[in-house]
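This is what each chain is made of:
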Amino acid sequence: MANSWPGVIRAYENYLPFSASTEVVTLNEGNTPLIRAGRLAEAIAPGSGLRLFLKYEGLNPTGSFKDRGMTAAVTQAVRDGAHAIICASTGNTAASAAAYAARAGIRCLVLVPEGKIALGKLAACLAYGAEVIAIDGSFDDGLDMVRTIVDRDAIARHPISLVNSINPWRLQGQKTAAFEICDQLGGAAPDWHCLPVGNAGNITACWMGFREYDEHTGTGLPRLLGGQASGAAPIVQGEVVAHPETIATAIRIGNPARWREALDALDESGGIITAVDDEHILASWRMLAAKEGIFVEPASATGLAALKQQIDCGEIDPTDKTAVCVLTGHGLKDPDAAVAQAKPPRTLPATLDALERYLANT
Ligand code: F0G
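Calculation notes
Residues numbered from 1 in each chain as written. Predicted model: local features only at pLDDT ≥ 70, side-chain atom pairs only at ≥ 80, totals over all residues. Heavy atoms only, no water. Domains from an automatic or database assignment. Contact = heavy atoms within 4.5 Å. Buried area = accessible area lost by both parts, 1.4 Å probe. Salt bridge = Lys/Arg side-chain N within 4 Å of Asp/Glu carboxyl O. Polar contact = N/O pair within 3.5 Å; in protein donor to acceptor, adjacent residues only side chain to side chain. Helix = DSSP H or I, 4+ residues; strand = E, 2+ residues; numbered from the N terminus. Buried < 20%, exposed > 50% of the residue type's maximum accessible area, 1.4 Å probe, protein only. 1 Å grid on protein atoms, 1.4 Å probe; cavity = no way out; pocket = protein on both sides within 12 Å on 5 of 7 lines; lining within 4 Å. Points joined across faces, edges and corners; volume = space filled by probe spheres on them. Phe/Tyr/Trp six-rings, centres within 6.5 Å; stacked < 30°, edge-to-face > 60°.

*Asks:* Which parts of the structure should I look at to understand the domain arrangement of the chain?
*Replies:* Reports of interface size often rely on the accessible area that becomes lost once the parts have come together. Once the domains are mapped, the chain shows domain 1 (8-63 + 170-341) and domain 2 (66-167). A straight line from the C-alpha centre of domain 1 to that of domain 2 covers 22 Å. Each partner contributes residues to the interface: domain 1 has 46 residues there, and domain 2 has 38 residues. Between domain 1 and domain 2, roughly 3,300 Å² of surface is buried when both sides are summed, and carbon and sulfur atoms account for 52% of that area. Broken down residue by residue, the surface that domain 1 buries against domain 2 is led by Val25, Arg170 and Lys333, which jointly contribute 27%. Remark: the boundary between domain 1 and domain 2 carries 4 salt bridges. As a salt-bridge pair, Glu297 and Lys121 come within 2.8 Å of each other at their nearest N and O atoms. Put simply, domain 1 and domain 2 have 21 residue pairs in polar contact (both at pLDDT 80 or more) between them. Element by element, the count of residues in the side of domain 1 that touches domain 2 is highest for helix H7 (residues 168-174), at 4 residues.

Okay, structure coming up:
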C-alpha cells in the first residue's frame, strides 16, 4: 500500500501558515510512533499506574526531530528566494538542514564545534553535501557568528537564510509533534510532556503546539518537564554557562536562544526544569535500550532521566498519570558513545566447538 503521509506541513496545513499553492520541501517527516513503555514505567514507578509513552523522533528522515522544523524553514527560505541556508549546530540541526537543502537544490553551510559533534551527524552532513565548518569554539560561539553574518547579508542580493530555531518557521514545523501526540493519545494531551532542553526551541515549539491544539480541539494542556545536563544547565542555574560540558553533546549549550520563551512556557504550563547528571542520563539511555529495545543518542534520554528524578524526589506523583518522553534523536547518531558505554564484544574462534563451549558456560 502506498504511504500517504505527506509530511507535517500538509498533514497539519490548517495549523500552519503556508498556502495550498506553496511548493513544500519535504522528506515526509513526522508521523513518528508513540510507543507505550510498560516495562520502563514499572521500573521507574512500580505499581503506580503510570502510563508512559515514548515519542520516537529518531525515526524522522534524518534521525532527529529537527526535520519537522526544517521542512518549514527550508520551504520558507526557498519562497523568500534564498540561495543558501546557514546554521550553527551541535549536529542534528546541521544534518537536517543539509538534507533539506539538498532536496531544495540550494547551498548549505553549517558551523559545528570542532571535535564535539557525534560521528553519525558529521557523516550525514558530509554525505548530503553541506559545507561543514568546524570552529574552535562552542555551539553558542557559532550561533553568535551566524546571527551576525546573516544580519550583514540581509543587505546583499542573494540572501542566506538562518535556519536555527531563532527562525520562527522552525517552531511552526516543530509544534506538530504536540499535535501528533494528542492525536495518538486519542485527542488528549498527556499530564506530563518530558523533553531535553538545549537551545530551548523545542520546548517553546511544543508548548505553542499544545496551546493551539487545545484552543481548536479541546485536548487540554500538559505540564512541561524540561531536562538539562548538569554541566550545561543555564536555565536551571539562571545564568549563562561559559564552558558547557556533557556527554549529551546535542544539548551542550550554555546560552539558549529561546531562554525567555522556555521560561514562559514552563511558567504557563506549571512545569519544571531540572538538571540531570551525565551518569543519570546514561542510566536512562541504557534502560531505553535494554528494557524497551529503543536506541537513542544520549541527549534524547534526558527527558526520561528528568522524569525519573522528579518521581524519585516526590515532585511528580506518577499515580495514574500519562507521561510522554520525547526521544529526540536516533542512537546511530552517536555510535562512539554507545560503544564506549558497552562491554566490548566477545571474540571466539570460528568453530562450532567454540560456540558450543560458550553456550555451555554462559
Ligand atoms: N535532543 C537532541 C537530539 C538535539 O539535537 C537537540 C538540539 C535537543 C534535544 C534540544 O533541543 O535545542 O530545541 O532545546 N540540538 C541542536 C542542534 C542544538 O544543533 O542540533 P532544543
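*Asks:* Help me out: how do you make sense of the pattern of salt bridges in this one?
*Replies:* Opposite charge on two side chains permits them to pair, given that their charged atoms come into close proximity. Under the counting rule described, the total for this entry stands at 13 salt bridges. Ionic pairing is found between Glu212 and Lys175, a salt bridge with its closest N-O pair at 2.8 Å. Linking Glu212 in helix H9 (residues 201-217) with Lys175 in the loop between H7 and helix H8 (176-184), this pair joins segments that are 37 residues apart in sequence. Between Asp312 and Lys308 there is a salt bridge, and its shortest N-O distance comes to 2.9 Å. Remark: Lys308 and Asp312 occur in helix H13 (residues 302-312); sequence separation between them is 4 residues, near one turn of the helix. Residue class for Asp312 comes out exposed when judged on its relative accessible area of 52%.

*Asks:* Looking at this structure, I do not really get empty space enclosed by the protein. What am I missing?
*Replies:* Over the atoms, a rolling probe the size of a water molecule traces out where space has been left empty. Within this structure, the stated rule accounts for 1 cavity of 30 Å³ or more. Estimated volume of the largest cavity: approximately 330 Å³. Looking at the largest cavity, it is lined by 28 residues, and the ones nearest its centre are Phe65, Lys66, Gly198, Asn199 and Ala250. Of all elements in the fold, only helix H4 (92-104), H7 and H9 reach the threshold of two or more residues within the lining of the largest cavity. Broken down by element, the lining of the largest cavity gets its largest block of residues, 3 residues, from H9. Residue-level mapping places the lining of the largest cavity at the junction of two domains, with at least three residues from each of domain 1 (8-63 + 170-341) and domain 2 (66-167).

*Asks:* Teacher, can you tell me more about the environment of Lys116 here?
*Replies:* Structurally, Lys116 can be placed in the loop between strand E4 (107-113) and helix H5 (119-128). For Lys116, the contacting residues outside a window of four places in its chain are Thr90, Glu245, Thr249 and Arg252.

*Asks:* Just to check I follow, could you spell out the side chain of Lys121 for this structure?
*Replies:* Looking at the secondary structure, you find Lys121 in helix H5. Given the relative accessible area of 0%, Lys121 is considered buried.

*Asks:* Sorry if this is basic, but what is going on with H8 here?
*Replies:* Note that an α-helix has 3.6 residues per turn; residues three or four places apart therefore point the same way. Across the 9 residues of H8, 7 count as buried, placing the element largely inside the fold. Buried within H8 are the following residues: Thr176, Ala177, Ala178, Phe179, Glu180, Ile181 and Cys182. One or two steps after H8, the chain reaches Gly186, where phi turns positive at roughly 80°.

*Asks:* Help me understand the packing of aromatic side chains in this model?
*Replies:* Each aromatic ring pair is described using two quantities: the centre-to-centre distance and the angle formed by the ring planes. For the structure shown, the criterion picks out 7 aromatic pairs. Note on Tyr12 and Tyr213: the rings are 6.4 Å apart at their centroids and 80° apart in plane angle, and the pair reads as edge-to-face. Of this pair, Tyr12 sits in the loop between helix H1 (8-11) and strand E1 (34-36) while Tyr213 is found in helix H9, placing the two residues 201 residues apart along the sequence. On the basis of relative accessibility, which here comes to 7%, the residue Tyr213 falls in the buried class. An aromatic cluster is built from Trp5, Tyr12, Tyr15, Phe179 and Tyr213, whose rings are joined through pairwise contacts.

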